[in-house]
Structures are given as C-alpha cells and as structure tokens.
Amino acid sequence: MPEDSDEFYRIQKLPPYVFAVINEMRAKARAAQIDVIDMGMGNPDGATPRAIVNKLVEAARNPRNHRYSQSRGISRLREEITLRYAANYGVKLDPDKEAIVTIGAKDALAHLLFATIGPDDVVVSPNPAYPIHQYGVMMAEGHACMLPMPDAATFLSRLKDFYRTSPRKPKMLLISFPHNPTTTCVDLEFFREIVGLAREHGTMVVHDFAYADLCFDGYKAPSILQVEGAAEVAVEIFSMSKSYNMAGWRVGFCLGNRRMIAALARIKSYLDYGVFQPIQIASIIALRECEEDTRKICATYQKRRDVLVDGLRRAGWAVEPPRGSMFVWAPIPEPFRSIGSLEFSKLLLERALVAVSPGIGFGPMGEGHVRFALIENDHRIRQATRSIGQFLKQEASVPAA
Ligand SMILES: Cc1ncc(COP(=O)(O)O)c(C=O)c1O
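Below, the discussion takes up the sheet that holds strand S11 (residues 357-358). In space, the three strands of this open sheet follow the order S9-S12-S11, with antiparallel pairing throughout. The open sheet is flanked by strand S9 (327-331) and S11, the only strands paired with a single partner.

Counting 62 residues, the largest nonpolar core has Tyr85, Leu159, Phe190, Ile194 and Phe238 as the members making the most contacts within it. For this core, the element with the highest residue contribution is helix H7 (residues 188-201), accounting for seven residues. Residues in contact with Tyr85, not counting those within four places in the same chain, are Gly90, Val91, Leu93, Phe209, Ser223, Leu225, Glu236, Phe238 and Leu255. Formed by 37 residues, the second largest nonpolar core is a distinct cluster that contains Tyr211, Phe216, Cys298 and Ala384.

We now examine helix H1 (residues 19-31). For H1, with 13 residues, the first-to-last C-alpha span of 18 Å sits near the 18 Å given by 1.5 Å per residue. The elements touched by buried residues of H1 are strand S1 (37-38), helix H5 (131-139), helix H12 (340-352), strand S10 (354-355) and S11. Of the residues trailing H1, Gln33 is marked for its positive phi of about 65°.

Here we come to the site of the ligand. Near the ligand you find 13 residues, and of these Ala105, Asp208, Tyr211, Ser239 and Ser241 are the closest. Note that an oxygen atom of the ligand is positioned 2.7 Å from one of the side-chain N or O atoms of Ser239. Side-chain polar atom of Ser241 to an oxygen atom of the ligand: 2.6 Å apart, as the coordinates give it. Burial of the ligand by the protein chains amounts to 93% of its free accessible area of 400 Å². Applying the majority rule of atoms within 2 Å of the grid points places the ligand in the largest pocket.

If you walk through the whole model with that rule in mind, you get 15 aromatic pairs. On the numbers, 6.0 Å between centres and 45° between planes, the contact of Tyr89 with Phe209 is tilted. Here Tyr89, found in helix H3 (residues 75-89), pairs with Phe209, found in strand S6 (residues 204-209); they are 120 residues apart in sequence, far enough to count as distant. The burial state of Tyr89 is the same as that of Phe209; both residues are buried. By way of ring pairs, the aromatic residues Tyr85, Tyr89, Phe209, Phe238 and Phe253 are connected into one cluster.

This next bit is on unusual backbone geometry. The peptide bond linking Asn127 to Pro128 adopts the cis configuration, its omega dihedral lying at 0°. You can see Pro128 is positioned in the loop between strand S3 (122-127) and H5. Look at the link from Asn180 to Pro181: it is a cis peptide, with omega at 10°. Here Pro181 is to be found in the loop between strand S5 (172-175) and H7. Of note in the backbone geometry, Asn245 takes a positive phi value of approximately 50° without being a glycine. Looking at the secondary structure, you find Asn245 in the loop between helix H8 (240-243) and strand S8 (252-256). Accessibility expressed as a relative area gives 9% for Asn245, which makes it buried.

Basis of the calculations
Residues numbered from 1 in each chain as written. Predicted model: local features only at pLDDT ≥ 70, side-chain atom pairs only at ≥ 80, totals over all residues. Heavy atoms only, no water. Pairing = 2+ DSSP bridges. Helix = DSSP H or I, 4+ residues; strand = E, 2+ residues; numbered from the N terminus. Core = buried A, V, L, I, M, F, W, Y, C linked by side-chain atoms within 4.5 Å. Buried < 20%, exposed > 50% of the residue type's maximum accessible area, 1.4 Å probe, protein only. Contact = heavy atoms within 4.5 Å. Expected span 1.5 Å × (residues − 1). Near = heavy atom within 4 Å. Polar contact = N/O pair within 3.5 Å; in protein donor to acceptor, adjacent residues only side chain to side chain. Areas by Shrake-Rupley, 256 points an atom, 1.4 Å probe, with all protein chains shown as cover. 1 Å grid on protein atoms, 1.4 Å probe; cavity = no way out; pocket = protein on both sides within 12 Å on 5 of 7 lines; lining within 4 Å. Sits in = over half its atoms within 2 Å of the grid points. Phe/Tyr/Trp six-rings, centres within 6.5 Å; stacked < 30°, edge-to-face > 60°.

Here's what the structure looks like:
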C-alpha cells in the first residue's frame, strides 16, 4: 500500500501546510542551539491565570468529574457565558438553545461547516484568512469564495457586488474581527450591514470572535449579536484561548442562531463527549472572576505591539499599529517584495534569526505581507527589531545584481 496520504479523497483537497517550511527551519536552527526569536504562530506565551489552574486541580481530584461529560457542555458553563454576553454586550441568550460549548473555536468552525454546508454551497469569506475558514469549507465539500479585504469597507462593497452579480447566492458568510492575519477591526455599523444583507438574502453568518478581548487604545470590538435580529441568521464563536491564555485547554463556544446551534449539537453528539469536565468547571471561574486578568493580557499585547512597531520603524520598516488582535501585519519592504512572502520569511529566519508567518500561508491575497505574532517579551522583540534592522541595512548596502 502506498504511504502517501495524498491519495485519500479529502486529503487531496488539503495542500501541505505553507507554515511547515518555516517551522522546520526554526526547529533545525534550535536543534543546532541557535536562538531564534519566534513570532510565527499565534500561540500565547503567557500563563493561564492562577485561579483557573487552581480550580482545574481541585475539580480534577473529584472522581465524579472523570466520567464522560456532555457534548454540548455543562449547563453552568453555558449559563456563565450567557451572563458574560449580557454584561459585556447587553446581549440576551438562552443558555439551553442559544449556547453550546466546543473544543475550542476550531472545533466549532470545522463541525459547524460540516453540519450546515453541503456539496457546492457557496461560503463567502475575506482573504487572507485563518486557514480553517477556507479549508473547513472545502472539507465540507462547499465552495469557498474569497473576497479581497484591503479594508472592511472594500470587502463590504465587494460583497454587495457579489450578491448583485453572482448567479449562486452565498449560503454562508464567514467573517472574523479583529481579523487574523490583517488585524482589520470593524464597528457595529459594519455588522448591521452584514446582518441586513444576510437577512435579505437568507444567508447564514458565522462570526469567529477569537480576538474579542484583544483590543487596544480604547477600542472595543463589537459582538455581531449586538445587532438587533442578528440571532435570526448569525452565530458567534467565542474562544477562551486568547482572552484567558487558555489555548491548550481547548474551550470555546458557539452562540446565537438556534437552528445552527442545534445542527452543531447534533453532529457533536456523534463525535465527542465534551470537554474534560474539570476544564469546563475551571472555565466557569475564568468567565466569572478573571476579567482583570484579561485586561492585563490585553495590556501586555498592546505594549509588545508598541515595542515592535517602534523598533521596526527605527529599522526603516514602517508598519501600521493594529487596533486589535495579537498580530502585526507588515507589508514586505520594497526591495524584497518581488521574492514573495515565503522567501522573505526564510531570509528573516536565516539572516535575522526571527521567525514570522509568510502572508501566502493565509491565502493568495496574503502575498506581499508577513505576520508577526506578539508572543515574545518586550526585550526579545527589541532584540528582533535590532537584528532585522542590521539585516535590512546589510542588504541595502549590497549593490543589486
Ligand atoms: C481567527 C481564529 N479563529 C480561531 C482560532 C483558534 O481558536 P481556538 O484555540 O479556540 O481553537 C484562531 C487561533 O489562532 C484564530 O486566529
């Protein structure tokens, strides 16, 4: 039997991970004891707040919590997330019908698509994007239709054109703000327009709100569910990963539209037995008691953003400071633009010992950029920008071939 998995029907649709090239180079450098400053993957480096860890330990000691849990999540956790939505956004949700616990946002996204999208259903999303937004659709055999998003207004106007001109109406819009990787942020008016279009055309909306709490300079990211009537067409996916430094714990939620949540609950009831119950119990504490920790986590990213943007500017590389997310989306400096984002990322790793994500890894419209994740401390970020500055200077002094 051949060992190449590419022969399998679904696997054929999934190209090898672009980021794997950089990951491999980084691993090799580290194996050779070379210190690489890693700003590649959006993997939070901070510890989960102590109160959450303590609750996990306590709950894990109770044998009653060792059994299968409920696939849709324990009711007290579903209640707690609806309380948070009421307090933070003034949104009222029914914990039984309008909230489900998921194994992180990725589980929610992948299985919601699997549950609601059939062959050739059109799913429209901005590009570049977090890869599962596109590949989740393809795995569900839908048709992923990507619209460029140089900014939110342009995306909206392209979406309106799409509704006007495309013979096949979208079955779903899949969006995410603050946006990974471009860091685009929107206001509530943008969501009003999205919900208006979706209601007019009978389209489902999925809003991936993974960076809900990572907002800077006084900006507060709106929830799509704040729009009146949003729950008739939309669900929002909230994740514990970034707001509470709980990426490895795998907890998220899908909230809003009852039909979509019932579909997700049905499919998940076949696939899993829910998140380990002590983790769900500890998540209740996170949602109930750890708002201050979330503010501190956010302040840490904001400080790192400033250090990075300032350091890059000194290095001669001008980038826009983002209003949200945990990334900086940087246009490749002009002299390197023609080599493309993958080659440029390799150069940064080889010559400046800094790992970033090439924009092309987020889809064809990500080309021309690299993404820095703010997962190193201020000191290491300064070191990274100094090293990048030296690299850019050396390159500038080499006469063009
Ligand atoms: C837009 C977006 N959605 C979802 C996720 C994954 O979230 P979770 O850890 O809850 O699966 C990420 C992680 O980087 C992300 O950037």
